[in-house]
Amino acid sequence: MKLPKAKDGSMFTPECCNANGTECCNANGIYRVGEKGNEKQFTDFDQALAYLSAMPVAKWRRVNTEGNWGIVSAITWVDQEKTKNKVEKDVTTQNDLFDIGSVKEQIEWIEKATDLRDVNDLLTRVMAQQKIQLLIKDDNLSYIADMVADLALIGEGKEDENRLIASAILGRLSAVARGRGDEVFSRVNELLSKEPPGIEVLVDGDEKYYAALTFSQYNSKWLGRYCIQQAYTTDNAEKARKVLFATALEKSKTISDFVQLSSEGFDYLKDIKGVDARHKRIRRITSAMSEAIREWQGEVGAHAGIALGDWFYNLMRSGTKDADLSVVTNIFDDAIGMVLRVIELRFSNALVAPTYKLLDKARTVIDKQHWSEVTRHSNNLERIRLCMKEAALVLASQDKMDSDLASVIASAFYSKAQATSAVSAHLADSHELNPDVKEWWENLGNVKKRVRNVEHKIGNGEDQQIGSLLINVETSKTVMEKLERAVVPMLEIQDPVLAATVKKAAQNYAEVAQSARQLARMRKLNHMGIKGEVLEYNPLQHEMLGGHQLGVRKVRVERDGIQKDFNGKIKILVKPRVTPADK
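Residues numbered from 1 in each chain as written. Predicted model: local features only at pLDDT ≥ 70, side-chain atom pairs only at ≥ 80, totals over all residues. Heavy atoms only, no water.

Q: Explain helix α6 (residues 140-154) here, please?
A: Count 3.6 residues to each turn of an α-helix, and residues three or four apart come out pointing the same way. An ideal rise of 1.5 Å per residue puts 21 Å on 15 residues; α6 measures up with 21 Å between its terminal C-alpha atoms. Buried within α6 we find L141, I144, A145, M147, V148, A149, L151 and A152. Contact partners of the buried residues in α6: α3 (103-112), α4 (116-128), α5 (132-135), α7 (159-176), α8 (181-184) and α9 (188-191). (Helix = DSSP H or I, 4+ residues; strand = E, 2+ residues; numbered from the N terminus. Expected span 1.5 Å × (residues − 1). Buried < 20%, exposed > 50% of the residue type's maximum accessible area, 1.4 Å probe, protein only. Contact = heavy atoms within 4.5 Å.)

Written out as structure tokens, the structure is:
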């Protein structure tokens, strides 16, 4: 059984929280757990512990050495048996935690050590007595770091495990080194020259966190996937999980690539037995991922919304039947928070429907009986709705309509009526908008036929039709010329009547082609002139033959597109058709 441990060292146990018996977790046999102002009372320790296990961050009330009751939060979870042994050890060393001696004696002790666990124990006790700065002063820091690295490579025990323990020790030193991290991590390349074992071999959440700090200072091909694997598999080490995800994000360079990489962690959830246990682990994962993305200041990457939608669907595809509603709501809120960060980093993402793909996927995997409650209690959904309404306003001010975005907006509300009412209220004071376009958005596309459709996103109007006609006649030009030049003379010999018919058809084509070109010039329509080129794939500007494909970066233009000059601003009316360039 694992028990929560707070930053001050106190733990939630049936008995007292520390060795001297002054910090206890129950008052007259009652355990008080939960958020401040919403605490629950239990007389049974196991029930209280189960409630703490369900919380994203366990919180409980305990009395301190001065007799005052206060709430503390868990920073890690530790094994009960190890906790019992630690308490017994603390009792035997209560008056003298450890005879650490002088700095010189400490250095000499480390020099003679043959087990990294002993070194880690010494450093932990020196830190507990707040004497670590004396030990690592001046050149001592790099000297200790060197001895730790040497001991990891040549000391007793398994080398792979020793390299992991050494990583935790170096991470611990870096946390107190005050800007001298370069000295601590000077030999990290030697320790992490190959992938280490899983961090579950480390004793507690603190060691896992410090090891994760060391990983963040290294760069290798295996590191991103390793961090994802450990972030998914570790049970209760939330600080470590966040650092692991942040490191994977840093190595991925973009949110989109990070989310796709994170999808490789799904296999590590399959062995978790029970609906509650699985969703609690997912909740811890989404919480840490959301926090890492929220603090990210780099690039969003291509198709981040699509990547998030696919990731969420596969994460929750087993459904939410029998799952705790509050846990499911928190998972959904974390995921929506990631979408919000994508929009915050690049607001143009708010204007396109694929950004909100996660909403459609969520409705698919969250049971209907849960969906209405999840949307009602979500903290972030209203912020997403605001982004959608603002996107509608921006597009309306540009005389644009977008059926896909209108559909997504409708899905974000409990009903179509609720959605149209919300959008209408948001556009109410925008009197400068084109009345027809405003009405279209207020009704989310459900308008009478009298309203002229001027949707420019896909060019569904006269200009788009003229552009499509121009492409078709230009595509057929070579064929028709060959028909008249090569086929007609042969038919005049074999079948004069048919030859006359084909010749007339070719002439009629030429007239249609000439009319199409004239119309295109009048409407300022032009070919984009990019057929055959290899470009960066953009689903908003390119039409992928066979449908959108996730992960495609480069595409080859198979059919040219049509663009129009709107008073100096070029807009694509007919998307060029493309295929993946690497196929």
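Q: Which parts of the structure should I look at to understand the environment of L540?
A: Structurally, L540 is set in the loop between β8 (534-536) and β9 (543-544). Taking relative accessible area as the criterion, L540 reaches 44% and is therefore assigned partly exposed. As a C-alpha pair, L540 and P354 span 186 residues in sequence and 9.5 Å in three-dimensional space. For L540, the residues in contact, after removing those within four places along its chain, are V352 and K575.

Q: How should the side chain of S290 be read in this particular structure?
A: Summarising the element assignment, S290 is placed in helix α14 (residues 275-294). Of the residues examined, S290 reaches a relative accessible area of 6% and is grouped as buried. Residue contacts for S290: discarding those within four places in its chain leaves D334 and M338.

Q: Whenever I open this one, the pattern of salt bridges confuses me. Can you help?
A: A side chain of one charge can pair with a side chain of the opposite charge when the charged atoms of the two come close. Tallied over the full model, the rule gives 30 salt bridges. With a shortest N-O distance of 3.1 Å, D267 and K270 are connected by a salt bridge. With a shortest N-O distance of 3.1 Å, R341 and E344 are connected by a salt bridge. Linking R341 with E344, this pair stays in helix α16 (residues 325-345), spanning three residues, or about one helical turn. Linked by salt bridges that have partners in common, D235, E238, R241, R281 and R284 make up one network. (Salt bridge = Lys/Arg side-chain N within 4 Å of Asp/Glu carboxyl O.)

Q: So what exactly am I meant to see when it comes to the sheet that holds strand β11 (residues 562-566) here?
A: The pairing of strands in a sheet comes from backbone hydrogen bonds and takes either a parallel or an antiparallel form. An order of β7-β11-β12 is seen for the three strands of this open sheet, with the pairing classed as antiparallel. Each of the sheet's edge strands pairs with one partner strand only, and the pair in question is β7 (525-527) and β12 (569-574). Between one strand axis and the next, the sheet turns through 35° on average, direction left out of account. In this structure, β7 lies alongside β11, joined through three bridges in antiparallel fashion. When the bridges of β11 are listed, H527 appears paired with I562. (Pairing = 2+ DSSP bridges. Axes fitted to C-alpha atoms, helices over the stretch in contact; angles between N-to-C directions.)

Q: Looking at this structure, how should I read the packing of aromatic side chains?
A: Aromatic ring pairs: the centre-centre distance and the angle between the two ring planes describe each pair. This structure, assessed with the given rule, holds 15 aromatic pairs. Look at F12 and W60: their rings are 6.0 Å apart centre to centre, the planes differ by 65°, and that puts the pair in the edge-to-face class. Placement of F12 in the loop between β1 (2-6) and β2 (26-27) and of W60 in strand β5 (residues 59-63) is noted, with a sequence separation of 48 residues between them. By the burial criterion, F12 is buried, and W60 matches it. Pairwise contacts between aromatic rings join F12, Y31, F45 and W60 into one cluster. Stacked on the ring of Y209, the Lys or Arg K239 has its end atom at 4.1 Å from the ring centre. Geometry around F413 places R385 over its ring, the cationic atom sitting 4.5 Å from the centre. (Phe/Tyr/Trp six-rings, centres within 6.5 Å; stacked < 30°, edge-to-face > 60°. Lys NZ or Arg CZ within 6 Å of the ring centre and 35° of its normal.)

Q: How should I be thinking about the nonpolar core in this particular structure?
A: Counting residues in hydrophobic clusters, the biggest one holds 124 residues, and the most contacted among them are Y232, F245, W311, F312, F332, Y356 and W441. Among the elements that make up this core, the one with the highest residue count is α16 (eleven residues). Residues within four places of Y356 in sequence aside, it is in contact with I343, A350, I384, C387, M388, L405 and V408. Membership of the second largest hydrophobic core comes to 17 residues, among which are L3, L52, M55 and A58. (Core = buried A, V, L, I, M, F, W, Y, C linked by side-chain atoms within 4.5 Å.)

Q: How should I be thinking about the packing of helix α23 (residues 462-494) against helix α24 (residues 496-522) in this particular structure?
A: For any two helices packed against each other, one specifies the crossing angle of their axes together with the interaxial distance. Contact geometry of α23 with α24 gives a least axis separation of 8 Å together with a crossing angle of 155°. Classified by the interaxial angle, the pair formed by α23 and α24 is roughly antiparallel. Here the hand of the crossing between α23 and α24 comes out left-handed. Residue classes in the contact of α23 with α24 are distributed as 20 nonpolar, three polar and six charged. (Parallel < 35°, antiparallel > 145°, perpendicular 65-115°, else oblique. Left-handed = near helix turned anticlockwise from the far one by under 90°. Nonpolar A, V, L, I, M, F, W, Y, C, P; charged D, E, K, R; others polar.)

Q: What's the story with the pairing of β11 in this structure? I'm lost.
A: In summary, the side chains of a regular strand alternate between the two faces of the sheet. Sheet analysis places β11 next to β12, joined by five bridges and oriented antiparallel. Bridge pairing in β12 places D565 opposite I570.

Q: I keep staring at empty space enclosed by the protein and nothing clicks. Help me out?
A: If a probe the size of a water molecule is rolled over the atoms, the empty space left behind becomes visible. A full pass over the atoms with the stated rule returns four cavities of 30 Å³ or more. Here the largest cavity is characterised by a volume of approximately 80 Å³. Together, 13 residues line the largest cavity, and P56, V57, A58, W77 and E238 are the ones closest to its centre. Take the lining of the largest cavity: its biggest share by element is four residues, from strand β6 (residues 69-79). (1 Å grid on protein atoms, 1.4 Å probe; cavity = no way out; pocket = protein on both sides within 12 Å on 5 of 7 lines; lining within 4 Å. Points joined across faces, edges and corners; volume = space filled by probe spheres on them.)

Q: Sorry, what's going on with unusual backbone geometry here?
A: The bulk of non-glycine residues show a negative phi, and the bulk of peptide bonds are trans. Even without being glycine, Q130 reaches a positive phi, approximately 60°. Notably, L444 is not glycine yet its phi reads approximately 50°, a positive angle. In this structure, L444 sits in the loop between α22 (435-442) and α23. For L444, a relative accessible area of 7% gives the class buried.

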